[in-house]
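Next come the chains, spelled out residue by residue.
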Amino acid sequence: MIIRRALPIILVLLLIPVHILTLSTVSNKRKTLHQGEDVAYVIPGPLLKITSLEYDGLASDFLFLKALVYYGGTLNRSERPRVKDWEWRWIYSTLQASTDLDPYFYDPYYFANAILTWDGNMVRETNSLLAKGSRYRDWDWMLPFFMGFNSFYFLHENGRASEYLMEGAKRPGGEALASLALRLAVKGNRTENAIIFLQEILKRTKDIATRKEYETRLEALQGIHVLEGAVNTFKDKYGKQPSELKELLAVGIISQIPEDPYGGEFYIDKDGSVKTTSDLRSMKKTKNN
Amino acid sequence: MIQLWSVAAITFKEGLRNRAMYGISILALLMMVANLLISSMIMQEVGKVAVDMALSSASFAGLLLVLFVGINLLAKDLDRKTIYMVLSRPISRSQYIVGKFLGIALLIIVSMALLSLFAAASIYLVKLNTPGYFPRFSWSLVGLSLAFNTLALILLAALSFLFASFTSTSFISLMLTIVAYLIGNSINDVKALVEAPQGAGIAPSPVIVKVVQIAYYMFPNLSFFDIKTQVAHGIAPSGSYVFWTVSYGLVYTSLAVAIACAVFSKREFP
């Protein structure tokens, strides 16, 4: 009698560890499922809009989170390049779909701008995504501002950058962009303008992780800016290009070569511009975490 | 008139007594807790996501209420043959249908008021946690969206009455109502898609285009009542949009109930 009553309890107690074992085994096996390029298809926005019924906004949130979590998962990888080309395209398509579902949602635009331009080499695509956001969020000056920066810094299209910035200046809170637009129009120093841009972005960024990323970028650009100034001084003084940074040290124009926060090393390119071996992308594994 | 109200009152009480109500409330509560979790994962527009989650949870719970409580209230009478008892009373079949419908409409309104409280509480909690991330938020718009939602659910309930008036089991009315809900929510986008298919790179046949256009006039366009995305971004619909959407909802609901009365009056019970 007692045995009969105790049997279900014993069975439950036995099955609980078995349950935990099967769960962990399956979740490990699941990781070996094929997840390559060929299965990373993103359903186009217009179709998703139909299948998400009245939950467009929610579907948009989840697609954004999916891209965010996926990108977060790549941060710990040791292989180079850390994120493959098809993965960048997948993140881009997912953010594209997310903003098709809810074109007013700011986060996907913000996220796309933060990673797809600097690291993903998808500047034109990012700008077309931002253009959609700017069209819908007609009260927001940040998106035209991002587009302006991308056009200026990556695409070297100063005229178009000024246009975007002027558009942003018309929106509430973006008045300060007008002076930036003017600076670009008179074609100032590229690095110097980029530093002003970044300082402006930093003023508006609250998120600590994102701030850190922008601060690193700012530090690197400031290093380049100092070295560019030194190269110019060298040219004025000796009438020729320095071939390497050590020459600047030797003649005492600078006391030390600044460190690249991305883990690369600064050098003088053949055309006389200052570059870094990291190409302003993280080389250290810990930097982005 | 008195018979009508007594049917409505009994239906309402019966609905409240239904155990499914508890399940739906617990589900709503869980989704509101999920709101707190998911909102904390968002970097910038926390307010938008919180409003999305809260409104979608309320709307989903309301849908379950219509599908599993509302349909049963009418269909059970038919399933269990208790309808004979009712019809032997001095009450016309139309009075019976309208009375039942009013009872269910009242049940939906009361339940949605409760779900709205849940929704408001979860938004309030997220707002308390991250006060700086609600730049374009407005309580009155959230209220408007929930009111629209209630109207859409009442419309759906009316449609379920229409289906119950000619089907023999509650399961078939349930299926038809679900189909109507799915079509009602997607028909707007489907119509836009088949009429301008280049966007998604598809080429629908002319027959499909015609079918979609016919369905567009037959099924209720539930996406009119869905202003969740706009509300989440604090974009107010115009006064005329509100007026015409409410009118559309009332007209369609009345039409569905009227047809249900007509069919039900002619129906022969074995």
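The sections below set out a description of the structure shown in this document. (Residues numbered from 1 in each chain as written. Chains lettered and ligands numbered in written order. Predicted model: local features only at pLDDT ≥ 70, side-chain atom pairs only at ≥ 80, totals over all residues. Heavy atoms only, no water.)

Quick look at the overall build of chain B
No. 1: What chain B contains, in helices and strands, is ten helices and zero strands.
No. 2: Along chain B, helices and strands appear, N-terminal first, in the series α-α-α-α-α-α-α-α-α-α.
No. 3: Taken over C-alpha atoms, the radius of gyration comes to 20 Å for chain B, in line with the 18 Å a tight globule of 270 residues would show.
No. 4: By principal-axis analysis of the C-alpha atoms, chain B measures approximately 65 × 50 × 30 Å.
No. 5: Contacts in chain B between residues far apart in sequence, at least 24 positions, make up 81% of those at least 6 positions apart.
No. 6: Of the charged side chains in chain B, 17 are positive and 9 negative, and the gap between their average positions amounts to 9 Å. (Helix = DSSP H or I, 4+ residues; strand = E, 2+ residues; numbered from the N terminus. Rg over C-alpha atoms; globule rule 2.2 N^0.38 Å. Contact = heavy atoms within 4.5 Å. Lys, Arg positive; Asp, Glu negative; His and termini not counted. Charge placed at Lys NZ, Arg CZ, Asp CG, Glu CD.)

Notes on the packing of helix α5 (residues 93-129) of chain B against helix α6 (residues 139-166) of chain B
All names here are of chain B.
No. 1: Two numbers describe how α5 lies on α6: the axes approach to 9 Å, and their chain directions differ by 150 degrees. Classified by the angle their axes make, α5 and α6 are roughly antiparallel. Relative to α6, the crossing made by α5 is right-handed. Contacts between α5 and α6 pair Ile 97, Lys 100, Phe 101, Ile 104, Ala 105, Ile 108, Ile 109, Met 112, Ser 116, Ala 120, Ile 123 and Tyr 124 from the former with Trp 139, Val 142, Leu 146, Asn 149, Thr 150, Leu 153, Ile 154, Ala 157, Ala 158 and Phe 161 from the latter.
No. 2: In terms of residue class, the contact of α5 with α6 is made up of 18 nonpolar, three polar and one charged. (Axes fitted to C-alpha atoms, helices over the stretch in contact; angles between N-to-C directions. Parallel < 35°, antiparallel > 145°, perpendicular 65-115°, else oblique. Left-handed = near helix turned anticlockwise from the far one by under 90°. Nonpolar A, V, L, I, M, F, W, Y, C, P; charged D, E, K, R; others polar.)

Some points on the packing of aromatic side chains
No. 1: Tallied over the entire structure, the rule returns 33 aromatic pairs over all chains.
No. 2: A centroid spacing of 5.4 Å and a plane angle of 5 degrees characterise the contact between Phe149(A) and Tyr153(A), whose relative ring orientation is stacked. Of this pair, Phe149(A) and Tyr153(A) both sit in helix α7 (residues 142-153), four residues apart, roughly one helical turn. Note on accessibility: Phe149(A) and Tyr153(A) belong to one class, buried.
No. 3: Through a chain of ring-to-ring contacts, the aromatic side chains of Phe148(B), Phe224(B), Phe225(B), Tyr241(B), Tyr248(B) and Tyr252(B) assemble into a single cluster.
No. 4: For Arg93(B), the ring lying beneath its charged end belongs to Phe264(B), and the centroid distance is 6.0 Å.
No. 5: The ring of Tyr216(B) has Lys191(B) lying over it, and the distance from NZ or CZ to the ring centre is 4.2 Å. (Phe/Tyr/Trp six-rings, centres within 6.5 Å; stacked < 30°, edge-to-face > 60°. Buried < 20%, exposed > 50% of the residue type's maximum accessible area, 1.4 Å probe, protein only. Lys NZ or Arg CZ within 6 Å of the ring centre and 35° of its normal.)

A few points about empty space enclosed by the protein
No. 1: Summed over all chains, the structure comprises four cavities of 30 Å³ or more.
No. 2: Taken as a whole, the largest cavity encloses approximately 120 Å³ of empty space.
No. 3: Lining the largest cavity are 13 residues, and of these Glu54(A), Asn149(B), Ala152(B), Leu222(B) and Phe225(B) sit closest to its centre.
No. 4: Broken down by element, the residue count for the lining of the largest cavity peaks at five residues, all from α6(B).
No. 5: Looking at the lining of the largest cavity, its residues break down into seven nonpolar, three polar and three charged. (1 Å grid on protein atoms, 1.4 Å probe; cavity = no way out; pocket = protein on both sides within 12 Å on 5 of 7 lines; lining within 4 Å. Points joined across faces, edges and corners; volume = space filled by probe spheres on them.)

Focus on the side chain of Thr117(A)
Residue and element names in this part refer to chain A.
No. 1: Of note, Thr 117 is situated in the loop between α5 (106-115) and α6 (123-136).
No. 2: There is a polar contact of 2.8 Å between the side chain of Thr 117 and the backbone oxygen of Asn 113.
No. 3: Discounting residues that sit within four places of it in the chain, Thr 117 has contacts with Ala 112, Val 123, Thr 126, Asn 150 and Phe 154. (Polar contact = N/O pair within 3.5 Å; in protein donor to acceptor, adjacent residues only side chain to side chain.)

Details of the interface of chain A and chain B
No. 1: Taken together, the 28 residues of chain A in the interface contact 30 residues of chain B.
No. 2: Across the chain A to chain B interface the summed buried area is about 2,700 Å²; carbon plus sulfur atoms make up 65%.
No. 3: Considering only the surface of chain A that becomes buried against chain B, Ile50(A), Leu53(A) and Glu54(A) emerge as the three largest contributors, covering 23% of it.
No. 4: The tally of links from chain A across to chain B stands at four salt bridges.
No. 5: In this structure, the salt-bridge partner of Lys228(B) is Glu54(A), at a minimum N-O distance of 2.7 Å. (Buried area = accessible area lost by both parts, 1.4 Å probe. Salt bridge = Lys/Arg side-chain N within 4 Å of Asp/Glu carboxyl O.)

A closer look at the side chain of Asn150(A)
No. 1: Residue position: Asn150(A) is located in helix α7.
No. 2: Separated by 3.1 Å, the side chains of Asn150(A) and Asn127(A) make a polar contact.

Focus: the pattern of salt bridges
No. 1: Counted by the stated rule, this structure contains 18 salt bridges over all chains.
No. 2: Between Asp100(A) and Lys132(A) there is a salt bridge whose closest N-O contact spans 2.7 Å. Separated by 32 residues along the polypeptide, Asp100(A) in helix α4 (residues 85-101) and Lys132(A) in helix α6 bring together distant segments of the chain.
No. 3: Relative accessible area serves as the criterion here: at 10%, Lys132(A) is assigned to the buried category.
No. 4: Connected via shared salt-bridge partners are Asp61(A), Asp102(A), Lys48(B) and Asp52(B).

Points about unusual backbone geometry
What is expected of a backbone is that most residues other than glycine have negative phi and most peptide bonds are trans.
No. 1: Residue Leu53(A) is not a glycine yet carries a positive backbone phi of 50 degrees.
No. 2: If you trace the backbone, Leu53(A) turns up in the loop between α2 (45-51) and α3 (56-74).

Digging into α4(A)
Residue and element names in this part refer to chain A.
No. 1: With 17 residues, α4 ought to run about 24 Å at 1.5 Å a step, and its terminal C-alpha atoms sit 25 Å apart, in line with that.
No. 2: In terms of residue burial, α4 counts as a mostly covered element, since twelve of its 17 residues are buried.
No. 3: For α4, the complete set of buried residues consists of Trp 86, Glu 87, Trp 88, Trp 90, Ile 91, Tyr 92, Thr 94, Leu 95, Ala 97, Ser 98, Thr 99 and Leu 101.
No. 4: Residues of α4 that are buried make contact with α2, α3, α5 and α6. (Expected span 1.5 Å × (residues − 1).)

Notes on the environment of Ala20(B)
Residue and element names in this part refer to chain B.
No. 1: With respect to the helices and strands, Ala 20 occurs in helix α2 (residues 20-39).
No. 2: Owing to a relative accessible area of 26%, Ala 20 belongs among the partly exposed residues under this scheme.
No. 3: In the structure, Ala 20 is positioned 49 residues away from Val 69 in sequence and 6.8 Å away in space, judged by C-alpha atoms.

Spatial relationships are all this shows, so hold off on functional conclusions.
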